[in-house]
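Each chain is listed here by its residues.
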Amino acid sequence: MTNSEGCPRCGSRQVDEYTHYECPPGSTTEDHRHLVCANTACNHEWVEALSK
């Protein structure tokens, strides 16, 4: 499991992981995860690759 550095936009350490169902074909939940900043003023979403 990778260590998330927090939100890349605002730097908040409060980050939530969520499931995203519109991933590109061939991608799996084992190779990446979808994250969203819990700071409601930011609410930035991004994808973080998981190293194997």
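The structure presented is a predicted model; accordingly, all values stated were derived computationally and were not measured.

Caption draft 1: Just the side chain of His 32, in detail. Structurally, His 32 can be placed in strand β2 (residues 32-37). Polar contacts involving the side chain of His 32 include one to the side chain of Asp 31, which spans 2.5 Å. Filtering out sequence-adjacent residues up to four positions away, His 32 remains in contact with Cys 23, Ser 27, Val 47, Glu 48, Ala 49 and Leu 50.

Caption draft 2: Here's a closer look at the pairing of strand β3 (residues 45-49). By the alternation rule, side chains of β3 split into Trp 46 and Glu 48, which are all buried, and Glu 45, Val 47 and Ala 49, of which none is buried. Of the strand pairs in this sheet, β2 and β3 are connected by five bridges, and their pairing is antiparallel. In the strand pairing of β3, Arg 33 is matched with Glu 48.

Caption draft 3: Spatial organisation of the side chain of Glu 48. Mapping Glu 48 onto the fold places it in strand β3. Residue class for Glu 48 comes out buried when judged on its relative accessible area of 16%. Within the structure, Glu 48 has its side chain in polar contact with the side chain of Arg 33 (distance 2.7 Å).

Caption draft 4: Spotlight on the pattern of salt bridges. This model, assessed by the stated rule, comprises two salt bridges. A salt bridge links Arg 33 to Glu 17; the shortest N-O distance between them is 3.6 Å. One end of the pair, Arg 33, is in strand β2; the other, Glu 17, is in strand β1 (residues 15-18), with 16 residues separating them in the sequence. Taking relative accessible area as the criterion, Arg 33 reaches 11% and is therefore assigned buried. Across the salt bridge formed by Glu 48 and Arg 33, the nearest N and O atoms sit 2.7 Å from each other. Placement of Glu 48 in strand β3 and of Arg 33 in strand β2 is noted, with a sequence separation of 15 residues between them. Here Glu 48 matches Arg 33 in class, with each residue buried. One network of salt bridges, in which partners are shared, links Glu 17, Arg 33 and Glu 48.

Reading the values: rules and limits
- Residues numbered from 1 in each chain as written.
- Predicted model: local features only at pLDDT ≥ 70, side-chain atom pairs only at ≥ 80, totals over all residues.
- Heavy atoms only, no water.
- Helix = DSSP H or I, 4+ residues; strand = E, 2+ residues; numbered from the N terminus.
- Polar contact = N/O pair within 3.5 Å; in protein donor to acceptor, adjacent residues only side chain to side chain.
- Contact = heavy atoms within 4.5 Å.
- Buried < 20%, exposed > 50% of the residue type's maximum accessible area, 1.4 Å probe, protein only.
- Pairing = 2+ DSSP bridges.
- Salt bridge = Lys/Arg side-chain N within 4 Å of Asp/Glu carboxyl O.

Read these as spatial facts, not as claims about activity.
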